[in-house]
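Here is what each chain is made of, one letter per residue.
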Amino acid sequence: MVVTRFAPSPTGYLHIGGLRTALFNWLWARKNGGRFILRIEDTDLSRNSDKAVRAILEAFDWVGLNYDGEVEYQSKRFDIYKEYIQKLLKEGKAYYCYMSKEELDALREEQQKRGERPRYDRRYRDFDGEPPKGVQPVVRIKAPLEGDIVFEDGIKGTVTIRADELDDFIIARSDGTPTYNFVVAVDDALMGVTDVIRGDDHLYNTPKQILVYRALGLNIPRFYHVPMILNESGKKLSKRDGAMDVMEYKRMGYLPEALLNFLVRLGWSYKDQEIFSLEEMQKLFDPSDINKSASAYNLSKLDWLNSHYIKNTPNQRLSELLEDFGVYLQSHDKKEILLDALKERAKTLKEMAEMAKEILEAPREYDEKGMKKALKGEWREILESFLKSLESADPRLPAEFHEIIKSVVEQKGIGFGKIGQPLRLALTGRLGGPDLADIMAVIGKEETIQRVREFLQRNS
RNA sequence: GGCCCCAUCGUCUAGCGGUUAGGACACCGCCCUUUCACGGCGGUGACGGGGGUUCGAGUCCCCCUGGGGUCACCA
């Protein structure tokens, strides 16, 4: 049984790096028919926020990642941690340290001045005298004094850390609350986690956690340390890069399947394949195929994926999604024509909504450059004769509107562009956009006539 | 700074001693077309540098350079 977990600390929104890590864990668990646990790492009571937890859950919900069982909160498990800390204390594998924060800071400063690596000097490791009065001690674990900590990382390979790089790190603060490296190991073991896939900024926590596993006699999971995601200029991702919040992608009009597809290909690949459904990802993903080097994201690839998924999304779902962007098509009788025309050329839902509005709403102004380009020669006569033909017919379908344009073209002996360009300006105010016949079918005969008349009037 | 990790087109990547170094995004050109897109075809473009090992290195080793991570009573 494979058990994975995603264990964010609730200090802000879920960002795309976190989402990718979650996705990797989720895929691996699902692929193996295992369990995927969501655990909130909130042992530092002063930094938690419910809002952050809700933001994470909201993002999970949006992209469709589900987790097994209830969300685990470490803040609710302090009794368990306390028990294990007592156990280590009793067995002499951990000890109370009465050094105050101030003393520690002073020591560190001194060490740094001497050009040494700042570290705790283990002064209370074998202390058996009278503890100083009025000091609430922390609990430190006894790290080995010599030798190496070695573990096999599924991505990085064999990782060796010399014991003298490790401190007797703190496992319980002076207020009694346990610290990260301790609770992570305890929880991963107690929850039966078999595979830990996480950012490689945790690589150095791993030997510390291994010390905890060993001291407690718990099973050590397999580790996969995933390289970071860099911003578009190859630098570390920071809040300044914008669009860090996963939900921001929803607001920008990206489909969750596009985002997931984009993220899964950051650091992982399968042959030359670019498009992966969730099912394909599950079938093909293996964390040991993840790259060793960091990868920078580029939005244009996301755009491409998004437009691909938009093209392949049923119109019903598109029209539902478009409502978030202020376009309501559910009861529009020509919505199929409109959606079919738009989904071919939109990169995002937001863009699609804007294009829809351009068609659905009469233009308030006409593109100047377009006017210069298109309003040449006989354009007025052409539009007038188009109006005449249109008024005497009763077109409903795009093909029928097309016939009318065609009749004018033939009657006048002109090219399609001679009528198409001015007509475009009259209908939508600009030169780009879907097929004219589609546009006219969507807005209907009367609205078409009205817009052309308005156009002629305003440009007389 | 100490310790550690990483290094193929601008970007994401394939490559696991012998390849004209492949694909994708982006970019450019052509075709399609009433326009803008889509689509099709084609093109520009990479093994960071230096030493080895080998008959033969993008692939293995070392050094340099560059990037990153980490050194908390944060997670």
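Let me begin by describing the structure that accompanies this report. (Residues numbered from 1 in each chain as written. Chains lettered and ligands numbered in written order. Predicted model: local features only at pLDDT ≥ 70, side-chain atom pairs only at ≥ 80, totals over all residues. Heavy atoms only, no water.)

Observations concerning the protein's contact with RNA strand B
Close contacts around RNA strand B come from 56 residues, with Arg173, Tyr204, Gly267, Arg345 and Asp435 the closest. Sugar plus phosphate: this is where 69% of the atoms of RNA strand B within 4 Å of the protein reside. In the model, a phosphate oxygen of RNA strand B is placed 2.2 Å from a nitrogen or oxygen of the Gly267 main chain. Between RNA strand B and Lys301, the relevant distance is 3.2 Å, taken from a sugar or linking oxygen to a main-chain nitrogen or oxygen of the residue. Elements supplying a minimum of two residues to the surface near RNA strand B: helix H4 (101-113), helix H5 (180-190), strand S12 (295-296), helix H10 (299-311) and helix H17 (416-428). (Near = heavy atom within 4 Å. Polar contact = N/O pair within 3.5 Å; in protein donor to acceptor, adjacent residues only side chain to side chain. Helix = DSSP H or I, 4+ residues; strand = E, 2+ residues; numbered from the N terminus.)

Quick look at the side chain of Thr43
Relative to the assigned elements, Thr43 resides in the loop between strand S2 (35-40) and helix H2 (50-63). For Thr43, the contacting residues outside a window of four places in its chain are Gln74, Phe78, Arg173, Thr177, Pro178, Tyr180 and Val183. (Contact = heavy atoms within 4.5 Å.)

Here we look at the packing of H5 against helix H6 (residues 205-216)
One can describe the packing of H5 onto H6 by two numbers: an axis separation of 9 Å at closest approach and a directional angle of 60°. In terms of orientation, H5 and H6 fall into the oblique class. The interaxial crossing formed by H5 with H6 has right-handed handedness. On H6, the residues that touch Tyr180, Asn181, Phe182, Val184, Ala185, Val186, Asp188 and Ala189 of H5 are Asn205, Lys208, Gln209, Val212, Tyr213 and Leu216. Along the lines of polarity and charge, the residues of the contact of H5 with H6 split into 9 nonpolar, 3 polar and 2 charged. (Axes fitted to C-alpha atoms, helices over the stretch in contact; angles between N-to-C directions. Parallel < 35°, antiparallel > 145°, perpendicular 65-115°, else oblique. Left-handed = near helix turned anticlockwise from the far one by under 90°. Nonpolar A, V, L, I, M, F, W, Y, C, P; charged D, E, K, R; others polar.)

Fair warning: the whole summary comes from geometry, so function is off the table for now.
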